[in-house]
Amino acid sequence: MDINSRNIVHVEIGDSRQVGRHSPKMEKHLIERGLNYLVNFSPFVVWEIISDAGKIIISLMRKFK
């Protein structure tokens, strides 16, 4: 979401079958896919990610520093 306009700028939708029906892997997969898009193909600056801070997500965030 863009803070200034309050518009949703990007949404990722996935199917749990893509990751063997494993919920933590699904969250990682969709966050990674969304960040790749936002970092490489959009004019937006990613300022904050809100998640449950699981180990998988924390390790993923180190990759995007």
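What this report covers is the structure whose coordinates are included nearby. (Residues numbered from 1 in each chain as written. Predicted model: local features only at pLDDT ≥ 70, side-chain atom pairs only at ≥ 80, totals over all residues. Heavy atoms only, no water.)

## Description of the pattern of salt bridges
Phase 1 of the analysis: This structure, assessed with the given rule, holds four salt bridges.
Phase 2 of the analysis: Here R17 makes a salt bridge to D15, at a shortest N to O gap of 2.5 Å.
Phase 3 of the analysis: For R17, a relative accessible area of 58% puts it in the exposed group.
Phase 4 of the analysis: Looking at D15, the relative accessible area reads 28%, which means it is partly exposed.
Phase 5 of the analysis: For K63, the salt bridge is made with E32, and the minimal N-O distance between the two is 2.6 Å. Taken as a pair, K63 in helix α2 (residues 55-63) and E32 in helix α1 (residues 23-41) lie far apart in primary sequence, 31 residues in all. (Salt bridge = Lys/Arg side-chain N within 4 Å of Asp/Glu carboxyl O. Buried < 20%, exposed > 50% of the residue type's maximum accessible area, 1.4 Å probe, protein only. Helix = DSSP H or I, 4+ residues; strand = E, 2+ residues; numbered from the N terminus.)

## A closer look at the layout of surface pockets
Phase 1 of the analysis: If you add up the space inside the largest pocket, you get close to 700 Å³.
Phase 2 of the analysis: For the largest pocket, the lining is made up of 22 residues, of which M1, L38, V46, E48 and I49 are closest to its centre.
Phase 3 of the analysis: Tallied by class, residues from the lining of the largest pocket come to 15 nonpolar, three polar and four charged. (1 Å grid on protein atoms, 1.4 Å probe; cavity = no way out; pocket = protein on both sides within 12 Å on 5 of 7 lines; lining within 4 Å. Points joined across faces, edges and corners; volume = space filled by probe spheres on them. Nonpolar A, V, L, I, M, F, W, Y, C, P; charged D, E, K, R; others polar.)

## Things to note about a nonpolar patch on the surface
Phase 1 of the analysis: Taken together, the side chains of M1, I8, V11 and I13 define a hydrophobic patch exposed on the protein surface, amounting to about 470 Å² of accessible area.
Phase 2 of the analysis: With respect to the helices and strands, the residue I8 is situated in the segment before α1.
Phase 3 of the analysis: Assessed through its relative accessible area of 54%, I8 is described here as exposed. (Patch = residues over 30% accessible without salt bridge, like charges linked within 9 Å, V, L, I, M, F, W, Y side chains within 5 Å. Areas by Shrake-Rupley, 256 points an atom, 1.4 Å probe, with all protein chains shown as cover.)

## Regarding unusual backbone geometry
Phase 1 of the analysis: With a phi close to 60°, R6 is a non-glycine residue in the positive phi region.
Phase 2 of the analysis: Following the sequence through the fold, R6 ends up in the segment before α1.
Phase 3 of the analysis: The phi dihedral of R21 falls on the positive side, at around 55°, and the residue is not glycine.
Phase 4 of the analysis: Take R21: it is sitting in the segment before α1.
Phase 5 of the analysis: The class for R21 is exposed, based on a relative accessible area of 59%.

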